[in-house]
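Listed below, chain by chain, are the residues.
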Amino acid sequence: MAEIIDGKKISQDLKDEVKVKVAGLKEEGVEVCLAVILVGNDPASTVYVGNKKKACEYTGIKSKSYELPEDTKEEDLLNLIDELNNDKGVNGILVQLPLPKHIDEDKVIRRISPDKDVDGFHPESVGRLSIGVKGFVSCTPAGVIELLKRSNTKLDGANVVVVGRSNIVGKPMAMLLLRENATVTICHSHTKNLQSICRAADVLVVAIGQPKFIDDSYIKEGATVIDVGIHRIEGTKKLCGDVDYEKAFPLAGKITPVPGGVGPMTIAELVNNCYEAAIMQR
């Protein structure tokens with residue numbers, strides 16, 4: 001029977017730590033500030049932005065909110081980013097994705113100053129990660145590393161398999177694991193013998209974007225299983241991940257639930273990045 005890695009508790013611990021550090025900066029006259037830009041009224045994006053604002057409020061980080069209409073011109077959004085880049089009172093800039101189709105997401109991501117890129121999506125942030133230079137790391141993989149460390153999962157020398165190669169999770173996840181001296185295999189839709197590769201993993205990180213794709217036949221007994229996926233089960237209000245939790249649970253050594261695993265860590269890492277931005281800029 002697996003030990004459940006409690007993302008809610010660990011994320012709360014991390015936010016509490018950030019709260020103390022932010023209060024320390026405030027005593028020195030430095031107020032940490034995050035600018036959040038939301039274009040349009042996508043329901044999921046609105047919920048995510050609301051959760052980010054709550055996390056900022058809890059940790060003592062000031063949040064500036066810019067809620068722009070769906071038909072906002074790309075040029076106007078880029079001009080707003082330029083203003084925020086030049087505003088010394090703003091430490092971090094977050095543009096909620098996805099953007100409306102008429103706006104080029106890549107252009108928007110590249111416009112944010114790498115020193116304020118608290119989402120860790122800018123090519124320079126990715127480059128810093130790949131060569132081991134201090135910079136911002138995409139919040140979800142950074143959160144996974146915290147979950148692994150705080151659940152006392154051994155990474156040094158461990159055989160780790162990452163299923164998924166997205167720019168937001170899979171690739172930065174692999175680089176962060178390499179930084180921890182793990183031996184990393186990245187799998188994807190073209191990988192042959194996926195089952196046997198996964199079954200050799202001491203730690204299995206799944207970010208494949210398919211509900212309940214990984215069952216017990218992919219898991220080595222006693223392995224740590226991290227489920228990054230989140231999906232709504234059709235016709236219900238229930239959520240599930242990329243891992244079939246019920247089948248994986250009896251075999252795994254440790255496992256993250258969905259919800260309550262990786263999800264809460266993403267926002268905790270965001271506020272931590274905001275604090276780090278303030279320190280770097282100071």
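The structure we're discussing is the one just above.
The rules we used
- Residues numbered from 1 in each chain as written.
- Predicted model: local features only at pLDDT ≥ 70, side-chain atom pairs only at ≥ 80, totals over all residues.
- Heavy atoms only, no water.
- Axes fitted to C-alpha atoms, helices over the stretch in contact; angles between N-to-C directions.
- Helix = DSSP H or I, 4+ residues; strand = E, 2+ residues; numbered from the N terminus.
- Parallel < 35°, antiparallel > 145°, perpendicular 65-115°, else oblique.
- Left-handed = near helix turned anticlockwise from the far one by under 90°.
- Contact = heavy atoms within 4.5 Å.
- Nonpolar A, V, L, I, M, F, W, Y, C, P; charged D, E, K, R; others polar.
- Disulfide = S-S within 2.5 Å.
- Buried < 20%, exposed > 50% of the residue type's maximum accessible area, 1.4 Å probe, protein only.
- Expected span 1.5 Å × (residues − 1).
- Arc of directions from axis to C-beta.
- Polar contact = N/O pair within 3.5 Å; in protein donor to acceptor, adjacent residues only side chain to side chain.
- Phe/Tyr/Trp six-rings, centres within 6.5 Å; stacked < 30°, edge-to-face > 60°.
- Lys NZ or Arg CZ within 6 Å of the ring centre and 35° of its normal.
- Pairing = 2+ DSSP bridges.

Visitor: Can you walk me through the packing of helix H5 (residues 123-131) against helix H7 (residues 170-179) in this structure?
Guide: Any two packed helices are characterised by the angle at which their axes cross and by the distance between the axes. Packing of H5 against H7 leaves a shortest axis separation of 9 Å and a crossing angle of 30°. As summarised for this structure, H5 and H7 are arranged roughly parallel, according to the angle between their axes. By crossing handedness, the relation of H5 to H7 is classed as left-handed. Here Val-126, Leu-129 and Ser-130 of H5 lie close against H7, whose contacting residues are Pro-172, Met-175, Leu-176 and Arg-179. Classifying every residue of the contact of H5 with H7 gives five nonpolar, one polar and one charged.

Visitor: Just checking my understanding: could you explain the state of the cysteines for this structure?
Guide: Among covalent bonds in proteins, the disulfide is the one between the sulfur atoms of two cysteines. As enumerated under the stated definition, the model contains zero disulfides in all. The closest cysteine sulfur to the non-disulfide-bonded Cys-33 is located on Cys-56, 8.5 Å from its own sulfur. For the unlinked cysteine Cys-240, the closest cysteine sulfur is that of Cys-198, found at 17 Å. Classification of Cys-240 by relative accessible area gives buried; the value is 8%.

Visitor: Would you mind going over helix H10 (residues 263-281) with me for this structure?
Guide: Three- or four-residue spacings in an α-helix give side chains the same orientation, since the helix completes a turn every 3.6 residues. Under the 1.5 Å per step criterion, the end-to-end length of H10 is 28 Å for 19 residues, consistent within 8% with the ideal 27 Å. Turning to H10, its buried residues number three or more, namely Met-265, Ile-267, Ala-268, Glu-269, Leu-270, Val-271, Asn-272, Asn-273, Cys-274, Tyr-275, Ala-277 and Ala-278.

Visitor: Can you walk me through the packing of helix H6 (residues 139-150) against H10 in this structure?
Guide: At a minimum axis separation of 8 Å, H6 and H10 run at an interaxial angle of 105°. Classified by the angle between their axes, H6 and H10 sit roughly perpendicular to one another. In this structure, H6 uses Cys-139, Thr-140, Ala-142, Gly-143, Glu-146 and Leu-147 to contact H10, whose residues at the interface are Met-265, Thr-266, Glu-269, Leu-270 and Asn-273. Each residue belonging to the contact of H6 with H10 can be placed in one class, and the counts come to five nonpolar, four polar and two charged.

Visitor: Quick question: what am I supposed to make of helix H1 (residues 7-27) here?
Guide: Under the 1.5 Å per step criterion, the end-to-end length of H1 is 30 Å for 21 residues, consistent within 8% with the ideal 30 Å. Buried within H1 are the following residues: Gly-7, Ile-10, Ser-11, Leu-14, Lys-15, Val-18, Val-22 and Leu-25. Down the axis of H1, the buried side of the element spans an arc of 130°, and every buried residue falls inside it. Turned more than 90 degrees away from the buried face of H1, the exposed residues are Val-20 and Glu-27. Residues of H1 that are buried make contact with helix H2 (43-59), H6 and H10. Sitting at the amino-terminal end of H1 is Asp-6, which places a side-chain oxygen 3.1 Å from the backbone nitrogen of Lys-8. After H1 finishes, the residue Gly-29 shows a positive phi value of roughly 85°.

Visitor: What is the right way to look at the packing of aromatic side chains in this model?
Guide: Given two aromatic rings, one states the distance between the centres and the angle between the planes to describe the pair. Applying the stated criterion to the full structure yields two aromatic pairs. Stacked on the ring of Tyr-58, the Lys or Arg Lys-19 has its end atom at 4.3 Å from the ring centre.

Visitor: Looking at this structure, I do not really get the pairing of strand E7 (residues 203-206). What am I missing?
Guide: For a regular strand, the rule is simple: side chains alternate between the two faces of the sheet. Burial along E7 is two-sided: Val-203 and Val-205 facing one way and Leu-204 and Val-206 facing the other are all buried. Examined bridge by bridge, strand E5 (residues 159-163) and E7 share four bridges and lie parallel to one another. Paired with Val-162 across the two strands is Val-205, which belongs to E7. With four bridges joining them, E7 and strand E8 (residues 224-227) adopt parallel strand pairing. Across the sheet, residue Val-205 finds its bridge partner in E8, namely Ile-226.

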